[in-house]
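# Understanding the architecture of this molecule
Spelled out from the first residue to the last, the chains are:
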Amino acid sequence: MAAAARAAGRQPDDITLVAVSKQQPRDRIDAMLESGQRVFGENRVQEAQTHWQAHRAQRDDLCLHLIGPLQTNKARDAVRLFDVIETLDRPKLAAALARAMDREGRRPDVFVQVNTGEEPQKAGVIPGEADAFIAAVRGDYGLPLKGLMCIPPVEEEPAMHFALLRKIARRNGLDMLSMGMSHDFETAIAFGATHVRIGTALFGQRQPS
Ligand SMILES: *Cc1c(COP(=O)(O)O)cnc(C)c1O
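Quick caveat: nothing in here was measured; it's all calculated off a predicted structure.

A few words on the side chain of Asp 89. Examined against the element boundaries, Asp 89 turns out to sit in the loop between strand S4 (84-88) and helix H5 (91-104). At 2.9 Å, the side chain of Asp 89 and the side chain of Arg 90 are in polar contact. Engagement of the side chain of Asp 89 in a polar contact is seen with the backbone nitrogen of Gly 124, the distance being 3.0 Å. Not counting residues within four places of it along the chain, the set of residues in contact with Asp 89 comprises Gln 113, Ala 123, Gly 124, Val 125 and Phe 133.

A few words now on the packing of helix H6 (residues 127-139) against helix H7 (residues 158-171). It is the contact of H6 with H7, at a shortest axis distance of 11 Å, that shows an interaxial angle of 30°. When the axis of H6 is compared with that of H7, the two are roughly parallel. Judged by the twist between their axes, the crossing of H6 over H7 is right-handed. In contact with Pro 127, Ala 130, Asp 131 and Ile 134 of H6, H7 contributes Leu 164, Ile 168 and Arg 171. A per-class count over the contact of H6 with H7 returns 5 nonpolar, no polar and 2 charged.

This next bit is on H6. Helix length check: H6 (13 residues) gives 19 Å between terminal C-alpha atoms against 18 Å at 1.5 Å per residue, within 8%. Listing the buried residues of H6 in full gives Pro 127, Ala 130, Phe 133, Ile 134, Ala 136 and Val 137. Each element contacted by the buried residues of H6 is listed here: S4, H5, strand S5 (109-113), strand S6 (145-149) and H7.

Our next topic: H5. Taking 1.5 Å per residue, 14 residues should reach 20 Å; H5 reaches 20 Å between its end C-alpha atoms and fits that length. Every buried residue belonging to H5 is among Leu 93, Ala 94, Ala 96, Leu 97, Ala 98, Ala 100 and Met 101, and all of these are buried. Those residues of H5 that are buried lie in contact with helix H4 (75-81), S4 and S5. Positive phi appears at Gly 105, one or two residues downstream of H5, with a value of about 60°.

This next bit is on unusual backbone geometry. Its identity is not glycine, yet Gln 23 carries a phi of approximately 55°, on the positive side. Of note, Gln 23 is situated in the loop between strand S1 (16-20) and helix H2 (26-34). Of note in this structure, Glu 118 is not a glycine but carries a positive phi near 50°. Structurally, Glu 118 can be placed in the loop between S5 and H6.

In the region of the ligand, the neighbouring residues are Val 20, Lys 22, Ile 67, Met 149, Ile 151, Met 181, Ser 182, Arg 197, Ile 198, Gly 199, Thr 200 and Arg 206. Within the contact set of the ligand, an oxygen atom lies 2.5 Å away from a side-chain nitrogen or oxygen of Ser 182. Burial of the ligand by the protein amounts to 91% of the accessible area it has alone, namely 390 Å².

In this section: the side chain of Thr 194. Counting through the fold element by element, Thr 194 comes out in the loop between helix H8 (185-190) and strand S8 (195-198). Its relative accessible area of 13% is what places Thr 194 among the buried residues. Within the structure, the side chain of Thr 194 is placed 2.8 Å from the backbone nitrogen of Leu 177, a separation counted as a polar contact. Once residues lying within four places of it in the same chain are set aside, the contact partners of Thr 194 are Arg 10, Asp 14, Ile 15, Thr 16, Asp 175, Met 176 and Leu 177.

About the thresholds
Residues numbered from 1 in each chain as written. Predicted model: local features only at pLDDT ≥ 70, side-chain atom pairs only at ≥ 80, totals over all residues. Heavy atoms only, no water. Helix = DSSP H or I, 4+ residues; strand = E, 2+ residues; numbered from the N terminus. Polar contact = N/O pair within 3.5 Å; in protein donor to acceptor, adjacent residues only side chain to side chain. Contact = heavy atoms within 4.5 Å. Axes fitted to C-alpha atoms, helices over the stretch in contact; angles between N-to-C directions. Parallel < 35°, antiparallel > 145°, perpendicular 65-115°, else oblique. Left-handed = near helix turned anticlockwise from the far one by under 90°. Nonpolar A, V, L, I, M, F, W, Y, C, P; charged D, E, K, R; others polar. Expected span 1.5 Å × (residues − 1). Buried < 20%, exposed > 50% of the residue type's maximum accessible area, 1.4 Å probe, protein only. Near = heavy atom within 4 Å. Areas by Shrake-Rupley, 256 points an atom, 1.4 Å probe, with all protein chains shown as cover.

Structural data, given as structure tokens:
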């Protein structure tokens with residue numbers, strides 16, 4: 001990450017490593033915590049509770065990112081556990097999060113997920129609807145919107161997707177970009193990623209339950 005940042009003329013400190021701990025055994029997660037890592041990503045609310053609720057009670061320096069799809073009926077649990085919710089992509093979820101934040105008195109940062117490849121099976125707002133949705137998230141729902149997130153199609157060159165996400169962020173005055181995973185984080189950093197989400201390259205292969 002540091003080398004990719006320098007190659008792009010950026011400061012390594014400007015890029016946050018989100019260690020993706022989904023489907024990883026407890027000993028690897030504990031080892032990562034011992035190494036000093038504090039920012040973690042999970043894609044399911046329930047698994048995140050299993051991995052992190054006990055740690056959360058013991059340390060106040062954890063920063064937990066939700067990086068997977070969120071159902072509206074889990075919005076309140078998500079608001080309770082996470083510090084950043086990266087996968088906001090529809091008005092119904094924005095409304096549920098606004099309500100949950102009011103009830104919980106807790107306001108995690110929010111990222112809007114953009115489906116840059118317009119893949120039917122993938123979550124995220126399509127690029128043509130991003131500006132209107134971003135305006136609604138800020139205006140109608142008053143959520144603490146900080147940035148954008150994307151997962152490029154696996155079979156395509158990621159660079160054009162990262163460039164598109166950066167363009168949408170810039171024209172909407174958003175500073176943060178969550179993009180790049182184990183296989184493409186260097187490219188993402190070259191295109192301005194502020195958060196890279198790395199699982200297997202850090203922890204090793206996942207162990208599906
Ligand atoms: C699992 C996951 C990652 C991490 O993927 P790796 O290829 O293991 O680095 C990143 N982002 C999202 C949204 C994920 O679901």
